[in-house]
Structures are given as structure tokens and as C-alpha cells.
Amino acid sequence: MALRDSLKVLVVDDMPTSRGLIVQALEEMKIWKNSTENNGQTALERLSKEPVHLILSDMNMPVMDGLELLRNLRANRATKGVGFILVTGKPTPELVAKGRSLGMNNMIKKPFTTAQLKACIEQVVGPLA
Amino acid sequence: MTFAKTAATPQIISVIQGEYAVSDQPNVTMSTVLGSCIAACLYDQNRRVGGMNHFLLPEAKTGDGQNVKYGAYLMELLINDLLKMGAQRHHLRAKLVGGGKMSQLLGDVGAKNIEFGRRYLINEGIPIDWESMGGVQARRVHFYPTTGELKEKFVQNDAQIDKPAVVARRPKRQSNVELF
């Protein structure tokens, strides 16, 4: 059984179009066990009931942004080991440094191709196939 | 990306292809000239902030999916900066302009941009208050971000695009006296 068959991914983004594009890219990689949330707070609520292996989170979101979500994940014993990839249109050096200090596993800049996202995910979880 | 400076005097921000601007200053006018490109003008009249982007989806060889990703990215940058400036997502409204068919020889790039612009805003739940898209002429557009007011003027061809919108006329001679 390939890793992509068992990998559970949570996509967190407040923009429906962006959420849809990420899920579409995951499906092109044949990663089917995907769920979505529209901000960090609702993501945390879902994760308490449905754990995942990997989170792809947008940075700018209402209620709770991507870095605050990451901070909460790393502070909780149940979620501190989950893979976390920050998805952002503006990867400033400050944002990269902040993300790294909080325990971000990887980052990808929008807009990205499916191949770029696949490479980014494989750097975190290993080969999908 | 341009943030308008606070100033009492009128300020014109030129928004070129691939860029965007946001402002909450009533003295600011955003200006652009569009052929096949689209400008999405978004504003929150309650918070009196607005912004404009200017994009042309590339004819991606990798398929329309990559086009949509690029367009969505440009729209998201604009929306995120409007929200940072105080706009409320549920109050955002839009005006769409551009997407002309500028050459009979080339494909209708403008139509793809029109389709993307409409579909994106519908998908995001942002109402389109007004649109002027398609046709075969370029447009000069002025957008007033704090009110959402938009003015467009059709221009016939490239030679006219860079002409000033208003040309000063010589005063009519009132008498036989020549003034120097």
C-alpha cells in the first residue's frame, strides 16, 4: 500500500477557490483522504475529533491565521507531531523565520503547480508512491 | 503592490499588469489601461477602502488549471490586503472591467479572463455590482477606492492609449487683439 493511499490531509484556507485548487492538486496526486476547514480555529476543533498526518494551511485567515494554528498544534501533545506546510502568496524572510521557529515543516508559495506541491509534501512525509 | 501615502492632494496610482493597489484615502484615484487584461475593483463602502488589480491570465501550456491558480493568487493578494486595511469580507463588492478582443488574428484571450473573473467572484461570494467587459476596444479606467466609483473611457487603438484623457484647448480669440 502506497503512502498516498493512507495519508490523511487537512487543507485550511478561507478562500473557497484556493481551498478547491489545493484539494484538486491533492487529487491529481491520488491523495483522496482530504478534508477542509476555513480557518485555524475550526481546524483545531476538527483535529480534536479527526486526527490527520499532514496539514496544508494558508497564512492569512480570519479568526486564527496559519502561524497561530501552528503554534497551537505544537503546544498540544496530541498534535505536536503533525506535518505542517504553510501555503502563502507572500513568503517574506520574517514569515519563513517565524514559521521555522514555531516548527513548520515546509512552505510553498502560491501559485504552485501540482508537481511543486507534490515535491513539497514528499519532503515532509517521504515518497507518496 | 502599492500602499497609498496619506496626503491631502489628489494622488493617482497607476496599476500596471500583474500588480495591484489598495487604499483607504479619499484623495486617491487608481488608474489603468486595459486591452485583453481584466481589472477587478473591490471595495467595502462601509469601511471606505478599496483596491484594484490588473491581470492577464497567461495562456499556460500546462492547461487551464495553472491559469486559474495564477488568477486566484492575484485575486487573493488583493483581498488579503483589503482585509488587512479594515475591509470586511462580507461587505466586499466588485466591479469588473476589461477583457477586450484586441486582435482578430489571436485567440480570444479576453474571453478566458472574463470567464475567470466572473467565476472567481461568484465562487468567493463577492457580488458583482457592475461590469463592462468584452468588445474590441481598449479601456482607460479610473477607480475611486473609498467610494467604489469607476469611470471608463474607450480608446480606439494603442496610439490613443497614452494620450491624456483631457486635452487642453486653446482659448478662443475674443477680439482682434493678439495676446503674447
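None of these values were measured; they are calculated from a predicted model.

Undergrad: Describe in detail the packing of aromatic side chains, supporting the description with residues and values.
TA: All names here are of chain B. On inspection of all chains with the given rule, the structure shows three aromatic pairs over all chains. Taking 6.1 Å as the distance between ring centres and 50 degrees as the angle between the ring planes, the aromatic pair formed by Tyr43 and Phe143 counts as tilted. Highlighted residues: Tyr43 in strand 5 (residues 38–44) and Phe143 in strand 9 (residues 138–144), separated in sequence by 100 residues. Residue classification places Tyr43 among the buried residues on the basis of a relative accessible area of 2%. Pairing Phe116 with Tyr120 gives two aromatic rings, centres 5.7 Å apart and planes at 40 degrees, and the pair type is tilted. Residue Phe116 and its partner Tyr120 are located together in helix 2 (residues 109–124), separated by four residues, close to a single helical turn. For Tyr120, a relative accessible area of 2% gives the class buried. Among the aromatic residues, those joined into a ring-pair cluster are Phe55, Phe116 and Tyr120.

Undergrad: Describe the interface of chain A and chain B, naming the residues involved and giving the relevant values.
TA: Contacts between chain A and chain B engage 17 residues on the former and 18 residues on the latter. Summed over both sides, the interface of chain A with chain B buries roughly 1500 Å², with 55% coming from carbon and sulfur. Applying the counting rule to chain A against chain B returns two salt bridges. Our enumeration of links across chain A and chain B arrives at eight residue pairs in polar contact (both at pLDDT 80 or more).

Undergrad: Lay out empty space enclosed by the protein with the relevant residues and their values.
TA: Counted by the stated rule, this structure contains one cavity of 30 Å³ or more. Size it by volume and the largest cavity reaches roughly 90 Å³. As for the largest cavity, its lining consists of Ser18(A), Leu21(A), Ile22(A), Lys110(A), Pro111(A), Phe112(A), Lys69(B), Ala72(B), Tyr73(B) and Glu76(B). Top element by residues in the lining of the largest cavity is helix 1 (residues 64–84) of chain B. It accounts for four residues.

Analysis parameters
- Residues numbered from 1 in each chain as written.
- Chains lettered and ligands numbered in written order.
- Predicted model: local features only at pLDDT ≥ 70, side-chain atom pairs only at ≥ 80, totals over all residues.
- Heavy atoms only, no water.
- Phe/Tyr/Trp six-rings, centres within 6.5 Å; stacked < 30°, edge-to-face > 60°.
- Helix = DSSP H or I, 4+ residues; strand = E, 2+ residues; numbered from the N terminus.
- Buried < 20%, exposed > 50% of the residue type's maximum accessible area, 1.4 Å probe, protein only.
- Contact = heavy atoms within 4.5 Å.
- Buried area = accessible area lost by both parts, 1.4 Å probe.
- Salt bridge = Lys/Arg side-chain N within 4 Å of Asp/Glu carboxyl O.
- Polar contact = N/O pair within 3.5 Å; in protein donor to acceptor, adjacent residues only side chain to side chain.
- 1 Å grid on protein atoms, 1.4 Å probe; cavity = no way out; pocket = protein on both sides within 12 Å on 5 of 7 lines; lining within 4 Å.
- Points joined across faces, edges and corners; volume = space filled by probe spheres on them.

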